[in-house]
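# Breakdown of the fold
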Amino acid sequence: MQVYLDNSATTRPCDAAVEAMVHSMREDYYNPSALYAPAMRAEQALKQSAQAIAAALDTDPRHVLFTSGGTESDNLAILGYMQLSRDGGEILYSAAEHAAVRMACQEAAARYGCTAREIPLTGDGLVDLEALEGMLSEQTRMICVMQVCNETGVIMPIAEICELRKRLAPKAVIHVDGVQGFLREPFSMRRLPVDSYAISAHKFHGPKGVGALVWREGFRFKPQMVGGGQQNDRRSGTENTVGIAGMGAAVSAYPGEAREQMRRLKKLLVDTLHEALPQMAVVGLPAEDQRSAGHILSVAFPPVRAETLLHALEMDGICVGTGSACSSKKGKHSLVLTAMKLSNAIMEGAIRISLCPENTEEEILYTAQRIIHHVEMLKRFVRR
């Protein structure tokens, strides 16, 4: 059996996305900036994708900007905004942030003279709201926080962060990296007063190399690419019409029942593993906690090391991850797990199992059975 459980790294493009991309390449291949009628069909496909994204976020489709993915969206929001903030100030980012956010904040400090500071995490991986409260001031210009942590599945307390911003740092904007949360956890930009939100299509069964930055009315950012003035001068360059068509189709095709289905499968996996392996440690919040996303489980089986278990499972046809796919090959402890002050045994043993709507109960039970088998075998060979 082949079981893919590394969906936080990337997902298989859904049939609707593939069909939309093939149609775009074969039929609507025109430049959307051209004036003749066929080109207007390509332009209409862009509008339809923007409408689908905006509807999912409860916002205005005019505020959807197409990019090359989550990294560009994060960079554009952070660097583009801080470039226009001429009085220095501070930019705050959580210790859970993806490198695309963390390094963009540090780059903004180097370029524009602001100060970049890291917001600590609690032991279960949430933003430490008490620490954040002590950091916020009139000097705070931007707060960056992810919707869902890509390593632990923890859903960040964005509503509470918005309230703290309103009370203590009214001049600050809030940027949310929604790459791991979009569609998998509900998010309304009408209800939550965040200023910008980043998405990446290949995380929700769209193609790689395309994403979007969505912003609130009044949020200003300096374009980081100049040229032909596409997308109202906010991002020059001919739009990736094929990728955007696939992304829009993936948004529209995403099943509404997926969230509860994945949450149920995650709980089944945890319960099955815990019954056989009581030494198992869930990293972050318990599976039943509503602040834990239903599609990501980080778990360790000390003293078994994550890489050893990953390759053992690979021999069974099961793909899992060990954290952020962008940094998993660097051989260092996760910055997120380090910020949570976890033990070396947990950090070295944590694997990430991330689900998608296509995963089945049969796959989950097979995965649990193989994990139990390998952990029981491998722990006998670990040096004490």
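Numbers given to residues run from 1 along each chain, matching the order in which its sequence is written. This being a predicted model, a pLDDT of at least 70 is required before a residue's local features are given, and a value of 80 or more before pairs of side-chain atoms are given or counted; all residues contribute to the totals for chains, interfaces and linings. Think of the side-chain values as coming from all heavy atoms in the structure, minus any hydrogens and water.

## Considering the overall build of the chain
Only DSSP runs of H or I with at least four residues qualify as helices, and only runs of E with at least two residues qualify as strands; both kinds are numbered from the N terminus onward. Helix and strand content of the chain: twelve helices and twelve strands. Here the C-alpha atoms of the chain give a radius of gyration of 21 Å, agreeing with the 21 Å that 2.2 N^0.38 yields for 384 residues. Once the C-alpha set of the chain is aligned to its principal axes, its extents read approximately 70 × 55 × 35 Å. Note on exposure labels: buried denotes an accessible area under 20% of the residue type's maximum, exposed denotes more than 50%, and partly exposed covers the range between, all computed with a 1.4 Å probe on protein chains only. When the 384 residues of the chain are sorted by exposure, 56% land in the buried category. Considering only intrachain contacts with a sequence separation of at least 6, the fraction spanning at least 24 residues in the chain is 75%. By element, 52% of the accessible surface of the chain is carried by carbon and sulfur atoms, the whole surface being about 16900 Å². Here the chain holds 41 positive side-chain charges and 44 negative ones, and the gap between their average locations is 4 Å. Both definitions apply: the radius of gyration is a C-alpha atom measure, and the globule rule equals 2.2 Å times residues to the power 0.38. Contacts are assigned to residue pairs that have any heavy atoms within 4.5 Å of one another. The protein chains shown are the only cover counted for residues, whose accessible areas, like all others here, come from Shrake-Rupley with a 1.4 Å probe. The sign given to each residue is positive for Lys and Arg and negative for Asp and Glu; His and the chain ends receive no count. Each charge is placed at NZ for Lys, CZ for Arg, CG for Asp and CD for Glu.

## With respect to the sheet that holds strand β2 (residues 64-67)
Strands qualify as paired when DSSP identifies two bridges or more between them. Taken together, seven strands build an open sheet; the order of strands is β2-β8-β7-β6-β5-β3-β4 and the sheet is mixed. Lying at the two open borders of the sheet, with one neighbouring strand each, are β2 and β4 (115-119). Neighbouring strand axes in the sheet, compared pairwise and without regard to direction, differ in orientation by 20° on average. The pairing of strand β7 (residues 196-200) with strand β8 (residues 211-215) spans five bridges and is antiparallel. The residue of β8 that forms the bridge with serine 200 is glycine 211. Here helix α2 (residues 37-57) sits on the sheet and contacts β2, β7 and β8; the angle it forms with β2, its principal contact strand, is near 115°. Think of each axis as a best-fit line through the C-alpha atoms, taken over the contacting stretch in the case of a helix, with angles from 0 to 180 degrees between the N-to-C directions.

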